[in-house]
Amino acid sequence: MLIVRRAILEDLGAITEIYNEAILKTVATFDTKPKTVEEQKIWFANHGSKYPILVAEQDGLVVGWASLSRWSDRCAYSDTAEISLYVKEEFRGKGIGTKLMEAIIREGQKADLHTVIARIVEGTEVSIHLHESVGFEHIGIMKEVGRKFGKLLDVYLMQRTYNT
Ligand SMILES: CC(C)(COP(=O)(O)OP(=O)(O)OC[C@H]1O[C@@H](n2cnc3c(N)ncnc32)[C@H](O)[C@@H]1OP(=O)(O)O)[C@@H](O)C(=O)NCCC(=O)NCCS
């Protein structure tokens, strides 16, 4: 059975493991070196009710996570968040990303966020499709802003605004 719930500190090991898998194997994140749980504690502490982290748990195992992170520490941006979403490799394509996405969008609404931005690297069609499916719109492309695995990469900007 799959449940989606708020992340707690005890989930950080599993969250970090899933993120590190994406760092090492995909261009979905522009981080290139694996993170330690210790480093991720700072990231975790910067979240809470306004900027939530959710995990997807299947039969007691954390198999994915999603977060809404503060877009900028400049105060006028405080109702703008950036979405992140990662599913453990062997659990992809089973609807878990969709469940996490729907849940994190609902959490953002509850938290009175105004708008959510996604930065999505070129070539990740599943991710683009998933964002479009919950109402994200394309707002621009940043050309050749990253280089990973020896390739220069564009980043698509997508945005979803809550009707408040
Ligand atoms: C992007 C990601 C979170 C999606 O999670 P997921 O659990 O695999 O997604 P789902 O199974 O819910 O599928 C989402 C949609 O993509 C489609 N899809 C999934 N895998 C697919 C594939 N390999 N090929 C084509 N379509 C696919 C599904 O059919 C579904 O579309 P639908 O709702 O129209 O049927 C996951 O693939 C992932 O972690 N990727 C690596 C990290 C990443 O890119 N994160 C996003 C950073 S912004």
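Throughout what follows, the structure given in this document is the object of discussion. (Residues numbered from 1 in each chain as written. Predicted model: local features only at pLDDT ≥ 70, side-chain atom pairs only at ≥ 80, totals over all residues. Heavy atoms only, no water.)

## Some details on unusual backbone geometry
Right, on to step 1. At D112, a residue that is not glycine, the phi angle is positive and equals roughly 65°.
Right, on to step 2. Inspection of the secondary structure puts D112 in the loop between helix 3 (96–110) and strand 5 (115–121).
Right, on to step 3. Classification of D112 by relative accessible area gives exposed; the value is 55%.
Right, on to step 4. Positive phi outside glycine occurs at E144, with the angle close to 50°.
Right, on to step 5. In this fold, E144 is placed in strand 6 (residues 137–148).
Right, on to step 6. Assessed through its relative accessible area of 53%, E144 is described here as exposed. (Helix = DSSP H or I, 4+ residues; strand = E, 2+ residues; numbered from the N terminus. Buried < 20%, exposed > 50% of the residue type's maximum accessible area, 1.4 Å probe, protein only.)

## Let's talk about the site of the ligand
Right, on to step 1. Near the ligand you find 15 residues, and of these G93, G95, G97, T98 and H129 are the closest.
Right, on to step 2. Take L85: an N or O atom from its main chain is 2.8 Å from a nitrogen atom of the ligand.
Right, on to step 3. Contacts to the ligand include G97, whose backbone N or O atom sits 2.7 Å from an oxygen atom.
Right, on to step 4. For the ligand, the protein covers 66% of the area, taking 940 Å² as the surface of the free molecule.
Right, on to step 5. When atoms are counted within 2 Å of each cavity's grid points, the one that captures over half of the ligand is the largest pocket.
Right, on to step 6. The greatest single-element share of the shell around the ligand, amounting to 4 residues, is contributed by helix 4 (residues 125–133).
Right, on to step 7. Classifying every residue of the shell around the ligand by side-chain character gives 7 nonpolar, 6 polar and 2 charged. (Near = heavy atom within 4 Å. Polar contact = N/O pair within 3.5 Å; in protein donor to acceptor, adjacent residues only side chain to side chain. Areas by Shrake-Rupley, 256 points an atom, 1.4 Å probe, with all protein chains shown as cover. 1 Å grid on protein atoms, 1.4 Å probe; cavity = no way out; pocket = protein on both sides within 12 Å on 5 of 7 lines; lining within 4 Å. Sits in = over half its atoms within 2 Å of the grid points. Nonpolar A, V, L, I, M, F, W, Y, C, P; charged D, E, K, R; others polar.)

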